[in-house]
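# Examination of the molecular architecture
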Amino acid sequence: MGTVVQLLERSTKPTHPSADAIQIDVVQMPPRATADQIVAAASRCETLSHSIDVLQRSLKTLYGIVGLIDDPQTREKIQHQMKSIDASLLFESARLSRIKRAIQKKVDI
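Keep in mind the model is a prediction, meaning the values are calculated, not measured. (Residues numbered from 1 in each chain as written. Predicted model: local features only at pLDDT ≥ 70, side-chain atom pairs only at ≥ 80, totals over all residues. Heavy atoms only, no water.)

So, about the confidence of the model for the protein chain. When pLDDT is averaged along the protein chain, the result is 81, and 73% of the positions lie at 70 or above. Considering each helix and strand of the protein chain separately, the mean pLDDT is smallest for strand β1 (residues 3–9), with a value of 44, and largest for helix α2 (residues 72–108), with 92. The low-confidence segment residues 1–14, where pLDDT is below 50, has 31 contacts with residues more than four positions distant or belonging to other chains. (pLDDT = per-residue confidence, 0-100. Helix = DSSP H or I, 4+ residues; strand = E, 2+ residues; numbered from the N terminus. Contact = heavy atoms within 4.5 Å.)

Written out as C-alpha cells, the structure reads:
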C-alpha cells in the first residue's frame, strides 16, 4: 500500500476562524517512490551534516588566526561575526538532527 499525501490550499475566504486550510486533493504515491524520497532526504541530511562539521572545524582554525590580528577593534568585530556564524551553525545542526530523527522514524515504521 502506498503513502497518501494530502495537498493543502490556504483559503482566501474567512469561512470559520479555526479553518485555515482546506483539502483539495489526495495523491497516492507508490511505496518505492516514497522509499526513494526518504533515502534521498537522508543522503542530503548526511551531506549537510558533514558540511556543518567542516565549517565548524574551519571556524575553530580561524579563531586562532583572527587572534593574531593586531587591531583590537577589527579583531573583536571579526570574532563577534564568527560567534554569530557558529551560533547559526549550532542551531542548524540541532535542527538537522531533529530532521534526521524524523526520517529514521519513517524508516523504522
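Following the structure, the description resumes.
Before going further, it helps to examine the nonpolar core. In terms of nonpolar packing, the biggest core is built from 8 residues, these being C45, I52, L59, V66, M82, L89, L96 and I103. Put simply, the parts of the chain that give this core at least two residues each are α1 (31–66) and α2. In this structure, L59 is in contact with M82, I85, D86 and L89, ignoring residues within four places of it in sequence. (Core = buried A, V, L, I, M, F, W, Y, C linked by side-chain atoms within 4.5 Å. Buried < 20%, exposed > 50% of the residue type's maximum accessible area, 1.4 Å probe, protein only.)

Within the element layout of this structure, L89 appears in helix α2. Taking C-alpha positions, L89 is 7.3 Å from Q56, a pair spaced 33 residues apart along the chain. With residues near it in sequence (within four places) discarded, L89 still touches I52, L55, Q56 and L59.

Turning our eyes to something else, we now look at the packing of α1 against α2. Following both chains from N to C, one finds α1 and α2 inclined at 160 degrees, their axes separated by 9 Å at the closest point. In terms of their interaxial angle, α1 and α2 are classed as roughly antiparallel. Of the two possible hands of crossing, α1 and α2 adopt the one that is left-handed. (Axes fitted to C-alpha atoms, helices over the stretch in contact; angles between N-to-C directions. Parallel < 35°, antiparallel > 145°, perpendicular 65-115°, else oblique. Left-handed = near helix turned anticlockwise from the far one by under 90°.)

Position of I38 among the secondary structure elements: in helix α1. Taking the C-alpha atoms as reference, I38 lies 9.0 Å from Q104; in sequence the two are 66 residues apart. Excluding its chain neighbours within four sequence positions, the residues that come into contact with I38 are I103, K106 and V107.

Another point: α2. Its 37 residues place the ends of α2 53 Å apart at the C-alpha level, agreeing with the 54 Å of an ideal helix rising 1.5 Å per residue. Of all the residues in α2, the buried ones are M82, L89, L96 and I103. Tucked into the core, α2 has its buried residues touching α1. (Expected span 1.5 Å × (residues − 1).)

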